[in-house]
Amino acid sequence: QVQLVESGGGLVQPGGSLRLSCAASGTLSRINTMGWYRQAQGKQRELIATITSGGSTTYADSVKGRFTISRDNAKNTVSLQMNSLKPEDTAVYYCLYTNTDPGPAYGMDYWGKGTLVTVAS
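If you're wondering where the values come from, they're calculated on a predicted model, not measured in any experiment.

Enquirer: What should I look at first to understand the overall build of the chain in this one?
Expert: From N to C terminus, the chain includes zero helices and eleven strands. The linear arrangement of helices and strands in the chain, starting from the amino end, is β-β-β-β-β-β-β-β-β-β-β. A compact globule built from 121 residues should have a C-alpha radius of gyration of about 14 Å, and the chain, at 14 Å, falls within 12% of that. Counting every position in the chain, which comprises 121 residues, the buried fraction comes to 38%. Long-range pairs, those at least 24 residues apart, make up 54% of the contacts in the chain between residues at least 6 apart in sequence. Per element, the accessible surface of the chain, about 6,500 Å² overall, is 50% carbon and sulfur. Across the chain, the centroid of the 11 positively charged side chains sits 3 Å from that of the 8 negatively charged ones.

Enquirer: Help me out: how do you make sense of the pattern of salt bridges in this one?
Expert: Note on pairing: side chains with opposite charge can pair once their charged atoms come close. A complete count under the given rule lists four salt bridges for this structure. Notably, a salt bridge pairs D89 with R38, separated by 2.9 Å at the nearest N-O pair. Of this pair, D89 sits in the loop between β8 (77-82) and β9 (91-99) while R38 sits in strand β4 (residues 32-39), and the two are 51 residues apart along the sequence. Each member of the pair, D89 together with R38, is buried. Linking K64 and D61 is a salt bridge whose minimum nitrogen-to-oxygen distance equals 3.2 Å. What makes D61 exposed here is its relative accessible area of 66%. Residues joined by salt bridges that share partners form a network here, namely R38, E46, R66 and D89.

Enquirer: How should I be thinking about the pairing of strand β3 (residues 18-26) in this particular structure?
Expert: One face of the sheet, then the other: side chains in a regular strand alternate in exactly this way. Where strand β1 (residues 2-7) meets β3, six bridges bridge the pair, whose relative direction is antiparallel. Across the sheet, S7 pairs through a bridge with S21, a residue of β3.

Enquirer: What should I look at first to understand unusual backbone geometry in this one?
Expert: Among all residues except glycine, the phi angle is most often negative; among peptide bonds, the trans geometry is most common. Phi is positive for N76, close to 55°, though the residue is something other than glycine. Counting through the fold element by element, N76 comes out in the loop between β7 (67-72) and β8. You will see that S84, though not glycine, has its phi angle at about 50°, which is positive. Secondary-structure assignment places S84 in the loop between β8 and β9. S84 sits in the partly exposed class, given a relative accessible area of 40%.

Criteria and cut-off values
For every chain, the first residue of the written sequence is number 1, and numbering continues from 1 along that sequence. This being a predicted model, a pLDDT of at least 70 is required before a residue's local features are given, and a value of 80 or more before pairs of side-chain atoms are given or counted; all residues contribute to the totals for chains, interfaces and linings. Working from all heavy atoms in the structure, the side-chain values ignore hydrogens and water. Each helix is a run of H or I in the DSSP string that is no shorter than four residues. Each strand is a run of E no shorter than two, and both are numbered from the N terminus. Radius of gyration means the value over C-alpha atoms here, while the globule rule gives 2.2 Å times the residue count to the 0.38 power. Each residue is assigned to one of three classes by its accessible area relative to the maximum for its type, calculated with a 1.4 Å probe on protein chains only: buried under 20%, partly exposed between the two thresholds, exposed over 50%. Whether two residues are in contact is decided by their heavy atoms, any of which lying within 4.5 Å being enough. Note on areas: Shrake-Rupley with a 1.4 Å probe; residue coverage comes only from the protein chains shown. Here Asp and Glu are counted as negative and Lys and Arg as positive; His is not counted, and neither are the chain ends. A single reference atom marks each charge: NZ on Lys, CZ on Arg, CG on Asp, CD on Glu. Salt bridges are identified by distance alone: a Lys or Arg side-chain nitrogen within 4 Å of an Asp or Glu carboxyl oxygen. Strand pairing requires that DSSP identify at least two bridges connecting the strands.

Written as C-alpha cells, this is what we have:
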C-alpha cells in the first residue's frame, strides 16, 4: 500500500503562483511514476503532469510553460510549481503514484485525497 498526502493548495489571484507538494509513504517501488491530475467542478479529471523516477516529465498542453513538476526521490516527494495561474486552473489537484517496477504490482495506482486550488480576484 502507498499513502499520498498533498499540501499547498489555497486561494491565489490570477497571475500568481502556488507550489503543491505530495509526500508518498508505505511500500514504495524503486521504479515509479508520480504525477498530478486535476478536476474542476463539473469536468472530467485531467492529467496535467507526470515525472518518472528517472526524471522524465510530461505536461498537458494547458499547463506547458507555466507549471513545473519535480521530485525528490530521497524524500519520496513530488512537487508542482504553478506560475501565471489563471481562473481556469481552479480545481482540486490530486497526486498520483503508479508502480512501474516490473513485477506483480506493476501498474498499480494510488491517489491522494486532493487539495483545492482556487484562482480568483
